[in-house]
Amino acid sequence: MGKLYTIGEVLIDFIPLQKGCALKDVVSFERAAGGAPANVAAAVAKFGEEASMITKLGNDAFGDFLLEQLQAAGVQTDQVLRTSQANTGLAFVSLMDNGERDFSFYRNPSSDLLLTADEVNMEQFKQGDILHFGSVDLVDSPMKQAHIKAIEAVQQAGGLISFDPNVRLPLWDDPEACRQTILSFIPLAHLIKISEEEIEFITGIQDEEQAVASLFKGNVRAVIYTKGAQGAVLHLPDYQFNASGYKVEVQDATGAGDAFVGGFLYQLLVRRADQSSLKNILLADHNEILRFANASGALTTTGKGAIPALPSNRDVLNFINGAARERGEENV
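Scope of this entry: the structure provided in the associated data block. In this text the structure is predicted, and so the values were computed from the model without any measurement. (Residues numbered from 1 in each chain as written. Predicted model: local features only at pLDDT ≥ 70, side-chain atom pairs only at ≥ 80, totals over all residues. Heavy atoms only, no water.)

1. Looking at the pairing of strand β8 (residues 130–134)
Regular strands place side chains that alternate from one sheet face to the opposite one.
Okay, so step 1: By the criterion of burial, β8 is predominantly enclosed, with 5 of the 5 residues buried.
Okay, so step 2: Judged from the 3 bridges that link them, strand β1 (residues 4–7) and β8 form a sheet pairing that is parallel. Each residue of the ladder has a partner; that of Tyr5, found in β8, is Leu131.
Okay, so step 3: With 5 bridges connecting them, β8 and strand β9 (residues 160–164) associate as parallel partners. Paired with His132 across the bridge in β9 is Ser162.
Okay, so step 4: With helix α3 (residues 142–157) bridging β8 and the parallel β9, this β-α-β connection has right-handed handedness. (Buried < 20%, exposed > 50% of the residue type's maximum accessible area, 1.4 Å probe, protein only. Helix = DSSP H or I, 4+ residues; strand = E, 2+ residues; numbered from the N terminus. Pairing = 2+ DSSP bridges. Right-handed = clockwise from strand over helix to strand, strands pointing away.)

Have a look at this one:
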């Protein structure tokens, strides 16, 4: 059985206790473990598959807290290093009444950006493993080079590479630098997850179908186009599959996309997907895979924070079956 590896940021999300106001007007916050790669790893671990985080945390109280939270979620932390050269990253979040967010990040740099390529264990990866990453830690830093080395090692081992651009422009000095960096990493991945808010910025193409088609470069075998509550569309070079979303009462959208990705990658791990089998697995089981991923993302929005709100495997299956009964469908 393969293992999920995620590389990149682990940070503290400071979630506001007040909704519906701008970040400058928030009076008080509560802390929650976050960071997109960490959220994905925690989701897969909570669903029951092996997940390991590759990053670096500060030798500070926030680093201690994040390490404990990852371990409590079942994420393997033997590849999480510590440093006194920088502090653990922080993100302050404001929540609108509809659950949408605004961010303010504190890292100059944060500890995760100091992970070097030499500190990544290149010998650990094997066929059947999946490496997942985002763009937040692809700014010019030692961590960017660590990503490149890890991607090369997983590719050579026959594992799958998953990329969710997860655009966060406040972390970049120049939006075009962000866009060009994302475009340079897309061909290195087998699986791309991209949202409706990101696709035109990244591709420069307004037409949805043309924009998605432009992403099939290099190693890309599949593109998942997510549309929030409207669900997702799985694109293969010659096929397209739509999956409707779920209506829930949204408390906090933080981590919803990561929970979706975690649900999707969990389903691939269960099916022992690799580079040679990915297409056939997606053709055969796309309905179940997308349904599980959509439900994972929807359920996460009903709680606060990312990792704390992640559902269990049983939670997702019960939710799917409950929704099916409401629709007059058979349980899955």
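2. Details of the sheet that holds strand β11 (residues 222–226)
Okay, so step 1: Across the sheet, which stays open at both edges, the 9 strands sit in the order β5-β4-β1-β8-β9-β10-β11-β12-β13 with mixed pairing between neighbours. The outermost strands of the open sheet, each flanked by one partner alone, are β5 (80–83) and β13 (239–243). In this sheet, adjacent strand axes meet at a mean angle of 15 degrees when their direction is disregarded.
Okay, so step 2: Pairing of β1 with strand β4 (residues 51–58), which is carried by 4 bridges, proceeds in the parallel orientation. (Axes fitted to C-alpha atoms, helices over the stretch in contact; angles between N-to-C directions.)

3. As for empty space enclosed by the protein
Rolled over the atoms, a probe sized like a water molecule indicates the empty space that remains.
Okay, so step 1: Enumeration over the complete set of coordinates arrives at 1 cavity of 30 Å³ or more.
Okay, so step 2: By volume, the largest cavity amounts to about 60 Å³.
Okay, so step 3: Forming the walls of the largest cavity are Glu9, Leu11, Gly89, Leu90, Phe105, Tyr106, Arg107, Ser110, Asp112, Val136 and Leu171.
Okay, so step 4: Residues that form the lining of the largest cavity fall into these classes: 6 nonpolar, 2 polar and 3 charged. (1 Å grid on protein atoms, 1.4 Å probe; cavity = no way out; pocket = protein on both sides within 12 Å on 5 of 7 lines; lining within 4 Å. Points joined across faces, edges and corners; volume = space filled by probe spheres on them. Nonpolar A, V, L, I, M, F, W, Y, C, P; charged D, E, K, R; others polar.)

4. Regarding the side chain of Gln267
Okay, so step 1: In this fold, Gln267 is placed in helix α7 (residues 256–270).
Okay, so step 2: Those residues within four positions of Gln267 in sequence are excluded, and the remaining contacts are Glu288, Ile289 and Phe292. (Contact = heavy atoms within 4.5 Å.)

5. Description of the environment of Gln275
Okay, so step 1: Structurally, Gln275 is set in the loop between α7 and α8 (278–300).
Okay, so step 2: Overall, Gln275 belongs to the buried group, its relative accessible area being 17%.
Okay, so step 3: Remark: the alpha-carbon pair of Gln275 and Ala43, spanning 232 residues in sequence, is separated by 22 Å.
Okay, so step 4: What Gln275 contacts, discounting residues up to four positions off in sequence, is Val154, Gln155, Gly158, Gly159, Leu160, His190 and Arg221.
Okay, so step 5: One polar contact links the side chain of Gln275 to the main-chain carbonyl oxygen of Gln155, over a distance of 3.3 Å. (Polar contact = N/O pair within 3.5 Å; in protein donor to acceptor, adjacent residues only side chain to side chain.)

6. A look at the environment of Leu171
Okay, so step 1: Along the chain, Leu171 falls in the loop between β9 and α4 (175–185).
Okay, so step 2: Remark: the alpha-carbon pair of Leu171 and Val139, spanning 32 residues in sequence, is separated by 8.3 Å.
Okay, so step 3: Those residues in contact with Leu171 that lie beyond four places of it in its chain are Phe105, Arg107, Val136 and Val139.

7. Let's talk about the packing of aromatic side chains
Okay, so step 1: Under the definition given, this model contains 14 aromatic pairs.
Okay, so step 2: Considering the side-chain rings of Phe92 and Tyr106, the 5.4 Å spacing of their centres and the 75 degrees angle between planes classify their relative orientation as edge-to-face. Here the residue Phe92 occupies a position in strand β6 (residues 90–95), and Tyr106 occupies one in strand β7 (residues 101–106), the gap between them amounting to 14 residues.
Okay, so step 3: A relative accessible area of 22% places Phe92 in the partly exposed class.
Okay, so step 4: The exposure class assigned to Tyr106 is partly exposed, which follows from its relative accessible area of 49%.
Okay, so step 5: A connected cluster of aromatic rings, assembled from ring pairs, spans Phe14, Phe29, Phe62, Phe92 and Tyr106. (Phe/Tyr/Trp six-rings, centres within 6.5 Å; stacked < 30°, edge-to-face > 60°.)

8. Notes on unusual backbone geometry
The phi angle of most residues is negative, glycine excepted, and most peptide bonds adopt the trans form.
Okay, so step 1: Residues Asn108 and Pro109 are joined by a peptide bond in cis, for which omega reads -10 degrees.
Okay, so step 2: Turning to its location among the elements, Pro109 is positioned in the loop between β7 and β8.
Okay, so step 3: Of note, Asn166 is a non-glycine position whose phi angle comes to about 50 degrees, a positive value.
Okay, so step 4: Relative to the assigned elements, Asn166 resides in the loop between β9 and α4.
Okay, so step 5: Asn166 sits in the buried class, given a relative accessible area of 11%.
Okay, so step 6: Of note in this structure, Arg272 is not a glycine but carries a positive phi near 55 degrees.

9. Some thoughts on the side chain of Thr181
Okay, so step 1: By secondary structure assignment, the location of Thr181 is in helix α4.
Okay, so step 2: Classification of Thr181 as buried rests on a relative accessible area of 11%.
Okay, so step 3: Excluding anything up to four places from it in sequence, Thr181 contacts Leu138, Lys144 and Trp172.

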